[in-house]
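Spelled out from the first residue to the last, the chains are:
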Amino acid sequence: MGVEKDASGNRWVEVAREVPGTVEEVWEAIATGPGIASWFVPTDIELGKDGQPARVISHFSDDGTMDSVSDILSWDAPNKFVGTSADLGPDAPEVLTEWGVKSLSGSTSTVYVRHSFATESDEWDGHLEDWEGGWPWFFNVLSIYLMNFRGQQASAFRVMGVAPQPTWDAWDELAGAIGLGESEVGTFVKAPDELPPLIGTVKYTSGEGQEFGAILRLDEPAAGILSAFAMAMDGKVFLVLDFYFFGNRAEGAVAHWGAHWQQWMEENFGDFETPEDV
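Rules and cut-offs
Residues numbered from 1 in each chain as written. Predicted model: local features only at pLDDT ≥ 70, side-chain atom pairs only at ≥ 80, totals over all residues. Heavy atoms only, no water. Helix = DSSP H or I, 4+ residues; strand = E, 2+ residues; numbered from the N terminus. Buried < 20%, exposed > 50% of the residue type's maximum accessible area, 1.4 Å probe, protein only. Arc of directions from axis to C-beta. Contact = heavy atoms within 4.5 Å. Salt bridge = Lys/Arg side-chain N within 4 Å of Asp/Glu carboxyl O. Polar contact = N/O pair within 3.5 Å; in protein donor to acceptor, adjacent residues only side chain to side chain. Pairing = 2+ DSSP bridges. Axes fitted to C-alpha atoms, helices over the stretch in contact; angles between N-to-C directions.

Chemist: What exactly am I supposed to notice about unusual backbone geometry here?
Modeler: Trans is the prevailing form of peptide bonds, just as negative phi is the prevailing case for residues other than glycine. Residue Pro78 follows Ala77 across a cis peptide bond; omega there is 0°. Relative to the helices and strands, Pro78 is located in the loop between strand 5 (67–76) and strand 6 (80–85). The linkage connecting Gln165 with the following residue, Pro166, adopts the cis geometry, with an omega of 10°. Structurally, the position occupied by Pro166 is in the loop between strand 9 (155–163) and helix 4 (167–177). The phi angle at Asp234 is positive, at roughly 55°, despite the residue not being glycine. With respect to the element layout, Asp234 can be found in the loop between strand 13 (224–233) and strand 14 (236–245).

Put into structure tokens, the structure is as follows:
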């Protein structure tokens, strides 16, 4: 759709998706900390003195250096909430974000997110375009969660590596190493024996909300979801594996295999020097 402008010159993008679940079930997935962490990143929703939600804090790293903080302006459960964030820095306009759910039928709903800037300048349009391009991928993960694990809380972890550009070469190397190769939707995947156990079925692939990536419905080492993708940024390619596990084997899978995957990623896709670093 691209960046839209309203009559006042404000700029915005919106991403919407039909997903399984009632309005209340989808709201639980997008408007509670445990729900959001089951398909996106670890998230806390802090309450104000009146007991109502006051801030949403999304943790993109374990050390807090990549936290995204949004102050809640309005909260209309289970329909929508609106927050404002200064994540882009002191010289950037505040980001207004609206999350909402609309009923389609008794068993499906539409979830949407809308980001907007109160500015007529096009200087920040690249950020809007990045969000518009990125959310469909995570909505894919949300759809699998709602279809298979609705209402359950994930035990999850993320491992990241880096590789030199171009992105397609980095992705091909990662995909080949973990047994994905050029897998299509519906392909059964089993990681090589020297890796931690990884067995599942491909549900989404590159081009479905992510230029280079795949999303699997996992059977081993526990029932769950794997989102794997490659993303170019700052002259490097960041390689990301997001694991979400559910059920009685979930905590054990994270405790036992999380460190193994981290070690594997560091050994195979550790940091490197870009030409600018040399």
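Moving on from the coordinates now.
Chemist: How should the environment of Gly106 be read in this particular structure?
Modeler: Its location among the elements puts Gly106 in the loop between strand 7 (95–103) and strand 8 (108–117). Between the C-alpha atoms of Gly106 and Gly21, which are 85 residues apart in sequence, the distance is 7.8 Å.

Chemist: Got a minute to help me understand helix 4 in this structure?
Modeler: It helps to recall that an α-helix has 3.6 residues per turn; residues three or four apart then point in one direction. Inspection of helix 4 places Thr167, Ala170, Trp171, Leu174 and Ala175 among the buried residues, and these make up the whole buried set. Looking straight down helix 4, one finds its buried side chains confined to an arc of 125°; they lie on one side. Away from the buried face of helix 4 by more than 90 degrees, exposed residues Trp168 and Asp172 are located. Of the surrounding secondary structure, the elements contacted by the buried residues of helix 4 are strand 9, strand 12 (213–220), strand 13, strand 14 and helix 5 (250–268). Where helix 4 terminates, the next one or two residues include Gly179, which has phi positive at roughly 95°.

Chemist: For this particular structure, what's the right way to read the pattern of salt bridges?
Modeler: When charged atoms on two side chains of opposite charge get close, those side chains can pair. In the structure shown here, the tally under the stated rule is 8 salt bridges. The salt bridge partner of Asp219 is Arg217, with a shortest N-O separation of 3.8 Å.

Chemist: Is there a simple way to think about the environment of Asp242 in this case?
Modeler: Within the secondary structure, Asp242 sits in strand 14. Its relative accessible area of 3% is what places Asp242 among the buried residues. In the structure, Asp242 is positioned 14 residues away from Ala228 in sequence and 6.4 Å away in space, judged by C-alpha atoms. Ignoring sequence-local partners within four residues, the contact set of Asp242 consists of Phe138, Phe157, Arg158, Ile225, Leu226, Ser227 and Phe229. For Asp242, the side chain forms a polar contact with the side chain of Arg158, separated by 2.6 Å.

Chemist: Which parts of the structure should I look at to understand the sheet that holds strand 6?
Modeler: If you trace the 8 strands from one edge of the open sheet to the other, you get 1-2-8-7-6-5-4-3, paired in antiparallel fashion. The open sheet terminates on both sides in strands that have one partner only, identified here as strand 1 (4–5) and strand 3 (43–47). Contacting strand 2 (11–20), strand 7 and strand 8, helix 3 (residues 125–148) runs over the sheet at an angle of about 10° to strand 2.

Chemist: How should I be thinking about the sheet that holds strand 12 in this particular structure?
Modeler: Consider a sheet: its strands pair through backbone hydrogen bonds, and that pairing is either parallel or antiparallel. On the basis of which strands lie adjacent, the open sheet formed by 6 strands has the order 9-14-13-12-11-10 and antiparallel pairing. On the outer flanks of this sheet lie strand 9 and strand 10 (188–190), each paired with one strand and no other. Each adjacent strand pair in this sheet contributes to an overall mean axis angle of 25°, direction not counted. Bridge count for strand 12 against strand 13 is 6 bridges, and the pairing is antiparallel. Looking across to strand 13, one finds that Ala214 is bridged to Ala228. Together, strand 9 and strand 14 form the strand contacts of helix 5, whose direction differs from that of strand 9 by roughly 5°.

Everything listed here is a matter of geometry and, on its own, says nothing about what the molecule does.
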